[in-house]
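One-letter residues, chain by chain:
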Amino acid sequence: MTTDPTPQDSGRPAHPPAVPDVEGGRGSVTFVGAGPGAADLLTLRGAAAIGRADIVIWASSLVHPGVLDHARADARIVDSAAVPLEDVVALYEEAARDGLDVARVHSGDPALWGAVQEQLDRCAALGLATEIVPGVSSFTAVAAAVGRELTVPEVAQSVVLTRLEGGKTPMPEGETVRGFAAHGATMALFLSAARSAQLQQELLAGGYPPETPCVVGYRVTWEDELVLRCRLDELAATVRSHRLWKHTLVLVGPALDAEGKRSHLYHPGHFHGHRRPDPVARRALRSGGAS
């Protein structure tokens, strides 16, 4: 090389096939979510996809080099950080022509800001089989680093994943940080730390109180990770004082310092297909005696 438990029978396979069949054996591309940083946060399925690939395409600027330990010794390793999409598509064309398996390794989860859809479209045009292997997202890694649940009952039951408008990629009309902030839910702000003053202003203008808790995560789960807590009205100063702009994610919302509330799911008065309720607890739950 160069540089879940088994589900109950539902009438379908527990997992999709590792490589979908393609008529004529025209090759495949598996998009692998490598996770937020630490190499051991790569999923078993992702590691297997890398291990069977003839070509592994990865971004050295975003993905931990440790994920390459799963590649075959004879696999071709291509760093996508230095090449445009056209060069990557040329590799897909080669895979279609020669029946090769490609592992395209993305940071985090490919579904979020992964520029995956345009690649999927090109693979479809080439007749390549494709699979997406989900990965651990950086926003859940930051929540884990500070030991917080992002959806606390009666506090916040929604998580908004977005970025500050006005950057290189246009935002759709109606999607603004200020507009999302008006809901008061938990927000995860990607790709926004370089304009932290504007981000703080928009969050405040949307309705979050100045004392709303924030978490700033830089390269979380990497060896040089930095995790900071602050109030919303201190957000810009916190980001600037540590000179953060790339590889930085911001969480904001009341759930970040709220006390846990009693969930109905494990309340003795709650019932479902695997558990009958306690009658007394059920009456208390229905009368509002439990949160």
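Above this note sits the structure.
Each residue is numbered by its place in its chain's sequence as written, counting from 1. The predicted nature of this model means local features are confined to residues of pLDDT at least 70 and side-chain atom pairs, given and counted, to a pLDDT of 80 or more, with totals for whole chains, interfaces and linings taken over all residues. The basis for the side-chain values is all heavy atoms of the structure; hydrogens and waters are excluded.

J.: Explain the overall build of the protein chain here, please?
T.: Elements are defined by DSSP. Helices are runs of H or I of four residues or more, strands are runs of E of two residues or more, and each kind is numbered from the N terminus. Secondary structure assignment for the protein chain yields eight helices and 10 strands. Exposure classes here rest on a 1.4 Å probe applied to the protein chains alone. A residue is buried below 20% of its type maximum, exposed above 50%, and partly exposed in between. The 291 residues of the protein chain split such that 42% are buried.

J.: Help me understand the sheet that holds strand E3 (residues 76-79) in this model?
T.: Consider a sheet: its strands pair through backbone hydrogen bonds, and that pairing is either parallel or antiparallel. Note: two strands are recorded as paired if DSSP finds a minimum of 2 bridges between them. Pairing is parallel across the open sheet formed by five strands, whose spatial order is E3-E2-E4-E1-E5. The two strands at the open ends of the sheet, each matched to only one other strand, are E3 and strand E5 (129-133). The mean inter-strand angle of the sheet, taken between neighbouring strand axes irrespective of direction, is 15°. Pairing geometry for strand E1 (residues 28-33) and E5, over five bridges, is parallel. Of the residues in E5, the one forming a bridge with Ser28 is Ala129. Residues are treated as being in contact if the distance between any of their heavy atoms lies within 4.5 Å. The axes used here are C-alpha line fits, helices contributing only the stretch in contact, and every angle between their N-to-C directions lies in the interval 0 to 180 degrees. Each of E1, strand E2 (55-58), strand E4 (101-106) and E5 touches helix H1 (residues 44-52); the most contacted strand, E1, lies at about 140° to it.

J.: Just checking my understanding: could you explain the side chain of Thr162 for this structure?
T.: Along the polypeptide, Thr162 turns up in strand E6 (residues 159-163). By relative accessible area, Thr162 is classed as buried at 3%. In contact with Thr162, not counting residues within four places along its chain, are Trp113, Met171, Phe180, Met187, Ala188, Leu189 and Phe190.

J.: What exactly am I supposed to notice about the sheet that holds strand E8 (residues 213-218) here?
T.: Here we have five strands laid out as an open sheet, ordered E6-E7-E10-E8-E9, and mixed in their pairing. Edge strands, defined here as strands with exactly one partner in the open sheet, are E6 and strand E9 (226-231). Taking the axes of each pair of neighbouring strands and ignoring which way they run, one obtains an average angle of 20° across the sheet. Bridge count for E8 against strand E10 (residues 248-252) is five bridges, and the pairing is antiparallel. Opposite Cys214, over in E10, you have Val252 as the bridge partner.

Limitation: the analysis is restricted to geometry and does not speak to function.
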